[in-house]
Amino acid sequence: MEDKLLIWRFKRGNREALRRIYDKYHGRLLKLAVVLTGDLDTSEDIVQDVFVRFAQSANRFGLSGSLKSYLITSTVNCVRNRRRDNSRRRVQSLDEADHVPSSAGRPDQWAVLSEQLEHLRSAMTCLPYEQREVITLRMVENMTLGQIAGLQKTSVSTVHGRYRYGIDKLRSLLNSEVEA
Amino acid sequence: MKSAEDIKRYFQQATLSTNPDRHEAIFEKIQRAQAESKTTVPASHRPHYRSNIMKSPITKLAAAAVIILAIGLSINVLDKTTPAAYALGQTVEANHTVHSLRITDFKSGEDEPKEFWLQFDEQGQIESVRAYMPEWDSPSDGAKIVIWQDGKAQIWFKKKNGLLTVSEQQFAEQMLGLARQVDPRPAMERLYEQEKQGKVKVEIDEPSDSTQSIAVTATYEPEGSRPGRRVVLLVDRATKLVTAMEVFQLKDDEYQQVGRTEFHDYNQAIDPRLFTLEDEIPADVMRVDQTTQEVGLAQGDLSDEEVAVEVARRFFTALIAEDYAAAGQLLEGIPADKMQEMFGSTKVLRIISIGPAGPHPIPETKGLVVPCTVEVRKNGQISEWKLDRLGVRQVYNQPGRWTIFGGI
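On a predicted model such as this, the values are computed, not experimentally measured, just so you know.

**With respect to the overall build of chain A**
Then comes step 1: Of regular secondary structure, chain A possesses eight helices and one strand.
Then comes step 2: When the helices and strands of chain A are placed in sequence order, the string is α-α-α-α-β-α-α-α-α.
Then comes step 3: Across the 180 residues that make up chain A, the buried fraction comes to 36%.
Then comes step 4: For chain A, restricting intrachain contacts to residue pairs at least 6 apart in sequence, the fraction spanning at least 24 positions comes to 67%.

If you want it as structure tokens, here you go:
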């Protein structure tokens, strides 16, 4: 109910409500974006974009939906759009260096990752994107396979397959990192 | 790391921290986006006033009018940025003009609201009350209508088809307490005082759109008397009276709504027939008037627990003897013929066990519970009748006398 109250106040132009929504969800969305993209800079841009668009949407945003689901879906869509734009750019400029995911620290960086998140970020980049998305939404956001299937516009059995293969590979990657 | 659960735990432990300066800078950018989205009009949509209007003296006058209008609008825009003009004291003040209202009180998870009509006298004291209490409020009683007027209360138990009349002060207090719980006037005064004492944090939203209500959010301080409670009040802009109140309670780090109360028809005359039940009750209703009849058993030297057990024992003894008048006197004064109608088909044979008395599970009843098991014969079959919640309490308007109450 807290979210509904925040949205209601946000729609009425209350800045404190926007502040509370930002404080409540920024960490969660950053983590989601880092695991999906494997790149901290890109993740910061994505989460900023999500909040900027949300802030501009007060008149259009409905009261009935879930704020959490809205922000998660926006983040996932934003990640997909970035990937699509990047792949187009790579096709247009073949001599351009491949995008290398990184979390290298900058003085003006928004987030600092814990050691576990750093391991996860690194391991997840070795998985195909669709598997990465399924695992992230299941593990980080506790979404059901049915909900993920809806988001990926595919069948539950496909999502289940992506989840199973992804988990097997991730387990082996994390075990090898732990052992190393 | 073996199972998916291990991996999930790993995900949960994976965290990040944010740089506070950068965090603030990004929020400022987001805020600017919010502000710009309200004011930005695409260039292609902007009207070209000057090129259109400066062609004749008439249009020059019109241009002047436009400029004056624009100045007026800009003043309005500036007004929107000034601090909220509304304060709780205005509602407290407006409440002094209220002499009647209707209230609907919703509880989370229940469709049917409680409904109240309140009328106040010239001093602002509650003069008349009509309350509809749905079955969910007291499943054993069923739905009931309560009328309070002229120092007497009448309670119509619809399911039991009974009409109880009482006039004792204790009941009056209980009845008025019920009305006060939903009366917005004392609630606002309490909130106003608590705000002044720093016991609640009050935030006021006064939207620039004059058709929208003022929203008052009161959050109780964690160390106060009601930690985790939050109340949102909607206030009519013109009258400054509260039109709705939503109550939230902090649970699992989220404020969850527990109730909503709506206030309607301020100062609209209430039909006097609403404060009498005579036109509504069925002709065969069972009338119990405790203002004229001695009810229950005198306590004498017995303790509360002892008299409660004694009332229950005498009640069943009277039923065994088929003395329905005596049994009815111990059951809130129900008339003998009604008692015979209620218990005639069930013959109580003997008391198997009775007592000891303990506290009633609903403390507001101020009663005790006497567990009883009796042997009965019904339709030729003998069986045990186990009563876990036989309630006994003091008669409302007859101090020192005790009666069985509620369902048997």
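Having seen the model, we can carry on.
**Some remarks on the overall build of chain B**
Then comes step 1: When you go through chain B residue by residue, the secondary structure sums to 10 helices and 21 strands.
Then comes step 2: By the burial criterion, 26% of the 408 residues in chain B qualify as buried.
Then comes step 3: Considering only residue pairs separated by 6 or more positions, chain B has 50% of its internal contacts joining residues 24 or more positions apart.

**Concerning the environment of Thr219 of chain B**
Residue and element names in this part refer to chain B.
Then comes step 1: Here Thr219 lies in strand β9 (residues 214-220).
Then comes step 2: Using a count of 18 C-beta atoms within 10 Å as the deciding quantity, one classes Thr219 as partly exposed.
Then comes step 3: If we skip the residues at most four places from it in the chain, Thr219 touches Val200, Lys201 and Arg230.

**Some points on the packing of helix α2 (residues 15-37) of chain A against helix α3 (residues 40-55) of chain A**
All names here are of chain A.
Then comes step 1: Relative orientation of the contacting elements α2 and α3 amounts to 145 degrees, with a least axis distance of 9 Å. As for how α2 packs across α3, the hand of that crossing is right-handed. Along the contact surface, α2 presents Leu18, Tyr22, His26, Leu29, Leu30, Ala33, Val34 and Thr37, while α3 presents Leu40, Thr42, Ser43, Ile46, Val47, Val50, Phe51 and Ala55.
Then comes step 2: Broken down by class, the residue content of the contact of α2 with α3 amounts to 12 nonpolar, four polar and no charged.

**Quick look at unusual backbone geometry**
Residues and elements named next belong to chain B.
Then comes step 1: With an omega of -5 degrees, the peptide bond running from Gly355 to Pro356 counts as cis.
Then comes step 2: Relative to the helices and strands, Pro356 is located in the loop between β15 (347-354) and β16 (358-359).
Then comes step 3: Backbone geometry at Asn161 places phi at a positive 55 degrees, although glycine is not the residue there.
Then comes step 4: By the secondary structure assignment, Asn161 is in the loop between β6 (152-157) and β7 (162-166).
Then comes step 5: Its 14 C-beta neighbours within 10 Å are what place Asn161 among the partly exposed residues.
Then comes step 6: A positive phi angle, near 50 degrees, is found at Asp252, a position not held by glycine.
Then comes step 7: Tracing the backbone shows Asp252 in the loop between β11 (242-251) and β12 (254-264).
Then comes step 8: According to the C-beta neighbour criterion, Asp252 is exposed, with 5 such atoms within 10 Å.

**As for the sheet that holds strand β5 (residues 144-149) of chain B**
Residue and element names in this part refer to chain B.
Then comes step 1: A sheet is described by the order of its strands in space; here 12 strands give the open sequence β8-β9-β10-β11-β12-β2-β3-β4-β5-β6-β7-β13, paired in mixed fashion. The sheet is open, and its two edges are formed by β8 (200-205) and β13 (286-289), each paired on a single side. Within this sheet the neighbouring strands show an average axis-to-axis angle of 15 degrees, counted without direction.
Then comes step 2: By the bridge criterion, six bridges tie strand β2 (residues 100-107) to strand β3 (residues 114-120) in an arrangement that is antiparallel. For Ile103, the partnering residue across the bridge sits in β3 and is Phe116.

**Some details on the environment of Asp150 of chain B**
All names here are of chain B.
Then comes step 1: With respect to the element layout, Asp150 can be found in the loop between β5 and β6.
Then comes step 2: Residue Asp150 is classed as exposed on the basis of its 10 C-beta neighbours within 10 Å.
Then comes step 3: The sequence separation of Asp150 and Glu127 amounts to 23 residues, and the corresponding C-alpha distance is 7.6 Å.

**Digging into the packing of helix α5 (residues 88-95) of chain B against helix α7 (residues 184-196) of chain B**
Residues and elements named next belong to chain B.
Then comes step 1: The N-to-C vectors of α5 and α7 enclose an angle of 150 degrees; their axes lie 9 Å apart at closest approach. On the basis of the axis angle, α5 is roughly antiparallel to α7. For the crossing formed where α5 meets α7, the hand is left-handed. Residue-level contacts link Leu88, Gly89, Thr91, Val92 and Asn95 of α5 to Pro184, Arg185, Met188, Glu189, Leu191, Tyr192 and Glu195 of α7.
Then comes step 2: Class assignment of the residues belonging to the contact of α5 with α7 gives a composition of six nonpolar, three polar and three charged.

**Re the nonpolar core**
All names here are of chain B.
Then comes step 1: Judged by nonpolar contacts, the single largest core of 63 residues is most densely connected at Ala308, Val311, Ala312, Phe315, Val370, Val392 and Ile404.
Then comes step 2: If one sorts the elements of this core by residue count, helix α8 (residues 304-320) sits on top with nine residues.
Then comes step 3: Residue contributions to this core reach at least three from each of two domains, namely domain 2 (90-202 + 259-264) and domain 3 (296-405).
Then comes step 4: When sequence neighbours within four positions are dropped, the list of residues in contact with Val370 reads Ala308, Val309, Ala312, Ile354, Gly355, Ala357, Leu390 and Val392.

**Thoughts on α5 of chain B**
All names here are of chain B.
Then comes step 1: Along α5, the residues that are buried comprise Leu88, Thr91 and Asn95. Seen end-on, α5 carries its buried residues on one side only, within an arc spanning 60 degrees.
Then comes step 2: Tucked into the core, α5 has its buried residues touching α7, β8, β9, β10 (229-235) and β11.

**Some words on the environment of Leu390 of chain B**
Then comes step 1: Structurally, Leu390 of chain B can be placed in the loop between β19 (381-387) and β20 (391-395).
Then comes step 2: When the C-alpha positions of Leu390 of chain B and Cys372 of chain B are compared, they lie 7.5 Å apart, and in sequence the two are 18 residues distant.

**Description of the confidence of the model for chain A**
Then comes step 1: Confidence along chain A averages 80 in pLDDT terms, with 79% of residues attaining 70 or more.
Then comes step 2: Across residues 91-104 of chain A, confidence stays below pLDDT 50; counting only partners more than four residues off in sequence or on other chains, it has 12 contacts.

**Side note on the sheet that holds strand β18 (residues 372-378) of chain B**
Residue and element names in this part refer to chain B.
Then comes step 1: Strand order in the open sheet made by the three strands is β15-β18-β19, with antiparallel pairing throughout. Because the sheet does not close on itself, it has two edges, and the strands there are β15 and β19. Each adjacent strand pair in this sheet contributes to an overall mean axis angle of 25 degrees, direction not counted.
Then comes step 2: Lying on the sheet, α8 is in contact with β15 and β18; it crosses β15 at an angle near 155 degrees.

**A look at the interface of chain B and chain A**
The extent of an interface is frequently quoted as the accessible surface area lost upon association of the parts.
Then comes step 1: Counting from both sides, the interface comprises 32 residues of chain B and, opposite them, 38 residues of chain A.
Then comes step 2: Counting residues per element, the side of chain B that touches chain A draws most heavily on helix α2 (residues 20-39) of chain B, at 10 residues.
Then comes step 3: For the side of chain B that touches chain A, a count of residues per class yields 15 nonpolar, 12 polar and five charged.
Then comes step 4: Where strand β1 (residues 111-113) of chain A lies against strand β1 (residues 16-18) of chain B, three bridges are found, and the strand directions are antiparallel.

**Digging into the confidence of the model for chain B**
Then comes step 1: Predicted confidence across chain B gives a mean pLDDT of 80, with 84% of residues reaching 70 or more.
Then comes step 2: The spread of mean pLDDT over the elements of chain B runs between helix α3 (residues 49-53) of chain B, the lowest at 31, and α8 of chain B, the highest at 95.

**Points about the pairing of β7 of chain B**
Residue and element names in this part refer to chain B.
Then comes step 1: Here β7 shows one buried face, formed by Gly162, Leu164 and Val166, and one open face, formed by Leu163 and Thr165.
Then comes step 2: The pairing of β6 with β7 spans five bridges and is classified as antiparallel. Residue pairing in the sheet places Phe157 in a bridge with Gly162 of β7.
Then comes step 3: Joining the antiparallel neighbours β6 and β7 is a turn of four residues, in which Asn161 adopts a positive phi near 55 degrees.
Then comes step 4: Pairing of β7 with β13, which is carried by four bridges, proceeds in the parallel orientation. For Gly162, the partnering residue across the bridge sits in β13 and is Met286.

What counts and how
- For every chain, the first residue of its written sequence is number 1, and the numbers climb from 1 along that sequence.
- Whichever chain is written first is A, and whichever ligand is written first is 1; the rest continue in order.
- With pLDDT at 70 or above as the cut-off, local features in this predicted model cover only qualifying residues; side-chain atom pairs require 80 or more to be listed or tallied, and sums for whole chains, interfaces and linings still use all residues.
- A run of DSSP states H or I qualifies as a helix once it reaches four residues; a run of E qualifies as a strand once it reaches two. Both are numbered from the N-terminal end.
- Once C-beta atoms are placed from the backbone, each residue is buried if 20 or more other C-beta atoms lie within 10 Å of its own, exposed if 12 or fewer, and partly exposed for counts between those two.
- With C-beta atoms placed from the backbone, a contact is any residue pair whose C-beta atoms sit within 7 Å.
- Every axis corresponds to a line fitted to the C-alpha atoms, with the helix fit spanning only the stretch in contact, and the corresponding angles, defined between N-to-C directions, vary from 0 to 180 degrees.
- Two helices that cross are described as forming a left-handed crossing if the nearer one is turned anticlockwise from the farther one by less than a right angle, and a right-handed crossing if clockwise.
- In this classification, Asp, Glu, Lys and Arg are treated as charged, Ala, Val, Leu, Ile, Met, Phe, Trp, Tyr, Cys and Pro as nonpolar, and every other residue, Gly included, as polar.
- In this description, strands pair whenever DSSP reports at least two bridges between them.
- For classification purposes, angles smaller than 35 degrees are called roughly parallel, those larger than 145 roughly antiparallel, those between 65 and 115 roughly perpendicular, and all remaining angles oblique.
- Each nonpolar core consists of buried Ala, Val, Leu, Ile, Met, Phe, Trp, Tyr and Cys residues. Their C-beta atoms, within 7 Å, join them into a set.
- Domain start and stop positions are those given by an automatic or database domain assignment.
- Arc definition: directions from the helix axis to the C-beta atoms.
- Confidence of the predictor at the level of single residues is given by pLDDT, which spans 0 to 100.

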